[in-house]
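Here is what each chain is made of, one letter per residue.
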Amino acid sequence: EPEVTQTPSHQVTQMGQEVILRCVPISNHLYFYWYRQILGQKVEFLVSFYNNEISEKSEIFDDQFSVERPDGSNFTLKIRSTKLEDSAMYFCASRLEELAKNIQYFGAGTRLSVL
Amino acid sequence: GESVGLHLPTLSVQEGDNSIINCAYSNSASDYFIWYKQESGKGPQFIIDIRSNMDKRQGQRVTVLLNKTVKHLSLQIAATQPGDSAVYFCAEIFVYGQNFVFGPGTRLSVLP
């Protein structure tokens, strides 16, 4: 069964450093998402991406965050200057366009630890 | 793997019993609801969905009930198995928005 893959599984970084989290969505999917989950809390939406542009973003997704689909297969989330409170699990998801199959498939996540 | 939801409400059931997990959603305009299962160290995994024009939908061993009057969603798992132990999230979506809004989650613990 096709799946969303995320790398790395765990990223450790120093506060103030830039990190790039990588995702390979399911190949025929058209909508892409990033979510985060702080330990012990619920999954929170960050951003959605369609047709090479951001279609929706939350308040969490400030100027420190950016997304890119550089080569038609990868979908990346960049945090320019990490803060301690960015420590969380980051999940990538993708879905087909069909409204009848409005299901997002999630990757296993990248744990980001900011020291 | 990471332990998700250390302070989540927990439902403990005996193996073989039925489980009922509840969720209150927030947006009366939401027209699509999904239940996800999240095992430790993994991403959310789709279980079952229901559109707002339905009040019940059945899958394999799972049933979702939707009560729009009180904005309540429930997931029933028949004959609960050890592999069902996980955190369960409901998610609501307004179709013309694209992001899901997840509920806080419930940890299901299956006792032998």
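A brief structural summary. Just so it is clear, the model here is predicted, and its values are computed rather than measured. (Residues numbered from 1 in each chain as written. Chains lettered and ligands numbered in written order. Predicted model: local features only at pLDDT ≥ 70, side-chain atom pairs only at ≥ 80, totals over all residues. Heavy atoms only, no water.)

Quick notes on the pattern of salt bridges
At step 1: Here the structure, examined in full by the defined rule, presents 4 salt bridges over all chains.
At step 2: One salt bridge connects Arg36 of chain A with Glu44 of chain A, and the closest N-O pair in it is separated by 3.1 Å.
At step 3: Assessed through its relative accessible area of 22%, Glu44 of chain A is described here as partly exposed.
At step 4: Residue Arg61 of chain B is joined to Asp84 of chain B by a salt bridge in which the shortest nitrogen-to-oxygen separation is 2.9 Å. Here Asp84 of chain B lies in the loop between strand 7 (72–77) and strand 8 (86–93) and Arg61 of chain B lies in the loop between strand 5 (56–58) and strand 6 (62–67), a separation of 23 residues in the sequence.
At step 5: Classification of Arg61 of chain B as partly exposed rests on a relative accessible area of 31%. (Salt bridge = Lys/Arg side-chain N within 4 Å of Asp/Glu carboxyl O. Buried < 20%, exposed > 50% of the residue type's maximum accessible area, 1.4 Å probe, protein only. Helix = DSSP H or I, 4+ residues; strand = E, 2+ residues; numbered from the N terminus.)

Side note on the sheet that holds strand 1 (residues 5–7) of chain A
Residue and element names in this part refer to chain A.
At step 1: Pairing is antiparallel in the open sheet, where 4 strands are placed in the order 1-3-8-7. Bordering the open sheet on either side are strand 1 and strand 7 (65–68), each of which pairs with just one other strand. The average undirected angle you get between the axes of adjacent strands in this sheet is 20 degrees.
At step 2: Looking at chain direction, strand 7 and strand 8 (residues 75–79) are connected through 4 bridges and run antiparallel. Residue Val67 lies in a different strand from strand 8, and its bridge partner there is Leu77. (Pairing = 2+ DSSP bridges. Axes fitted to C-alpha atoms, helices over the stretch in contact; angles between N-to-C directions.)

Things to note about the state of the cysteines
At step 1: Counting across every chain of the model gives 2 disulfides over all chains.
At step 2: Through a disulfide, Cys23 of chain A is tied to Cys92 of chain A; the S-S separation comes to 1.9 Å. An S-S torsion of about -65 degrees defines the bridge between Cys23 of chain A and Cys92 of chain A as left-handed. Linking Cys23 of chain A in strand 3 (residues 19–24) with Cys92 of chain A in strand 9 (residues 88–95), this pair joins segments that are 69 residues apart in sequence.
At step 3: The disulfide bridge from Cys23 of chain B ends at Cys90 of chain B, spanning 1.6 Å between sulfur atoms. Taken together, the residues Cys23 of chain B in strand 2 (residues 19–24) and Cys90 of chain B in strand 8 connect sequence positions 67 residues apart. With respect to burial, Cys23 of chain B and Cys90 of chain B carry one shared label: buried. (Disulfide = S-S within 2.5 Å.)

Focus on the nonpolar core
Considering soluble globular proteins, one finds that nonpolar side chains tend to be buried as a cluster.
At step 1: Membership of the largest hydrophobic core comes to 22 residues, with the highest contact counts inside it found for Trp34, Leu46, Phe61, Val67, Phe75, Leu77 and Tyr90 of chain A.
At step 2: When contributions to this core are tallied by element, the ones reaching two or more residues are strand 3, strand 4 (31–37), strand 5 (44–50), strand 7, strand 8, strand 9 and strand 11 (110–114) of chain A.
At step 3: Counting 20 residues, the second-largest nonpolar core is a separate cluster that includes Phe106 of chain A together with Leu8, Tyr36 and Ala91 of chain B. (Core = buried A, V, L, I, M, F, W, Y, C linked by side-chain atoms within 4.5 Å.)

Some remarks on the sheet that holds strand 6 of chain B
Residue and element names in this part refer to chain B.
At step 1: Strand order in the open sheet formed by 4 strands is 2-7-6-5, with antiparallel pairing between adjacent strands. The open sheet has two free edges, formed respectively by strand 2 and strand 5, since each of these has just one partner strand. Strand-to-strand, the axes of this sheet are offset by a mean angle of 15 degrees, without reference to chain direction.

Purely spatial values, then, with no claim about function.
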